[in-house]
Amino acid sequence: PRIGGAIARFADGSAAIIGGRTPGGAVESRVEILDAARGTLESFDGPPVVDHAAVTLVDGRVLVAGGRGATGDVVGDALVVDAAGARSDLTGSRQ
């Protein structure tokens, strides 16, 4: 369980679960890909982020942006994830 995380669906029906806080209060740095149809949950390292947004893009990938990092600083970068777990880090200065 976690709070302050984000979830968004991919075009194939699977979902990305990104960041948030653990029950102990630590900022989560995992990105999980849940495929309920196959009954799988895959996990990989992502940015530690909480109180951010995740939206499904027109091409079916998920964009993760905003929020706060592990130290409480505003996150100025974005992340794009696809259903296979591939990711692209986008650097910006949105602070």
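Residues numbered from 1 in each chain as written. Predicted model: local features only at pLDDT ≥ 70, side-chain atom pairs only at ≥ 80, totals over all residues. Heavy atoms only, no water.

K.L.:
Help me understand the overall build of the chain in this model?
P.N.:
Helices and strands together make up the secondary structure of the chain, namely zero helices and eight strands. Put simply, the chain runs from its N terminus to its C terminus through helices and strands in the order β-β-β-β-β-β-β-β. Whereas a compact globule of 95 residues would reach a radius of gyration of roughly 12 Å, the chain reaches 13 Å, a difference of no more than 12%. In terms of overall dimensions, the chain has a C-alpha envelope of 35 × 30 × 15 Å along the principal axes. In the chain, buried positions account for 36% of the 95 residues. Once local pairs closer than 6 in sequence are excluded, the contacts in the chain between residues at least 24 apart make up 29%. For the chain, the exposed surface amounts to about 5,400 Å²; the carbon and sulfur share of it is 54%. In the chain, 9 positive and 12 negative side-chain charges are present, and the distance between their average locations comes to 4 Å. (Helix = DSSP H or I, 4+ residues; strand = E, 2+ residues; numbered from the N terminus. Rg over C-alpha atoms; globule rule 2.2 N^0.38 Å. Buried < 20%, exposed > 50% of the residue type's maximum accessible area, 1.4 Å probe, protein only. Contact = heavy atoms within 4.5 Å. Areas by Shrake-Rupley, 256 points an atom, 1.4 Å probe, with all protein chains shown as cover. Lys, Arg positive; Asp, Glu negative; His and termini not counted. Charge placed at Lys NZ, Arg CZ, Asp CG, Glu CD.)

K.L.:
Honestly, the pattern of salt bridges in this entry has me stumped. Any pointers?
P.N.:
It is possible for side chains bearing opposite charge to pair when their charged atoms get close. Applying the stated rule across the entire model yields six salt bridges. Salt-bridge contacts for Glu28 lead to Arg30; the nearest nitrogen and oxygen are separated by 2.9 Å. Residue Glu28 is classed as buried on the basis of its relative accessible area of 11%. For Arg38, the salt bridge is made with Glu42, and the minimal N-O distance between the two is 3.6 Å. Residue Arg38 is classed as exposed on the basis of its relative accessible area of 58%. For Glu42, a relative accessible area of 42% translates into the label partly exposed. Ionic contacts of the salt-bridge type, sharing partners, join the residues Arg2, Glu28, Arg30 and Glu32 into one network. (Salt bridge = Lys/Arg side-chain N within 4 Å of Asp/Glu carboxyl O.)

K.L.:
Hey, could you run me through the environment of Asp77 in this one?
P.N.:
For Asp77, the position within the fold is in strand β7 (residues 77-81). What makes Asp77 partly exposed here is its relative accessible area of 38%. Remark: the alpha-carbon pair of Asp77 and Gly66, spanning eleven residues in sequence, is separated by 7.3 Å.

K.L.:
It is not clear to me how the nonpolar core should be interpreted in this structure. Could you clarify?
P.N.:
A general tendency of soluble globular proteins is for nonpolar side chains to be buried together. Core analysis: the biggest nonpolar cluster contains 14 residues, and Ile18, Val31, Ile33, Ala54, Val62 and Val81 have the highest contact counts within it. Counting residues per element, the ones that place at least two in this core are β1 (6-9), β2 (15-18), β3 (30-35), β6 (62-65) and β7. Among all residues touching Ile33, those that are not within four sequence positions of it are Phe10, Ser14, Ala15, Ala16, Thr40, Leu41, Glu42, Phe44, Val81, Asp82 and Ala83. (Core = buried A, V, L, I, M, F, W, Y, C linked by side-chain atoms within 4.5 Å.)

K.L.:
Sorry, what's going on with the environment of Pro47 here?
P.N.:
With respect to the helices and strands, the residue Pro47 is situated in the loop between β4 (40-45) and β5 (53-56). Sequence spacing of Pro47 and Ala70 is 23 residues, and the spatial spacing of their C-alpha atoms is 9.0 Å. Pro47 has contacts with Glu28, Ser29, Leu79 and Arg87, leaving out every residue within four places of it along the chain.

K.L.:
Teacher, can you tell me more about unusual backbone geometry here?
P.N.:
Excluding glycine, a negative phi dihedral is what most residues carry, and trans is how most peptide bonds are arranged. Phi is positive for Asp51, which is not a glycine, with a value near 60 degrees. Judged by its relative accessible area of 57%, Asp51 is exposed.

K.L.:
Can you help me understand the sheet that holds β4 in this one?
P.N.:
Strand pairs in the sheet, formed through backbone hydrogen bonds, run parallel or antiparallel to each other. Ordered by their spatial adjacency, four strands build an open sheet running β1-β2-β3-β4, and the pairing between neighbours is antiparallel. Each having just a single partner strand, β1 and β4 make up the two edges of the open sheet. On average, each strand axis in the sheet is inclined to that of its neighbour by 20 degrees, with strand direction left out of account. (Pairing = 2+ DSSP bridges. Axes fitted to C-alpha atoms, helices over the stretch in contact; angles between N-to-C directions.)

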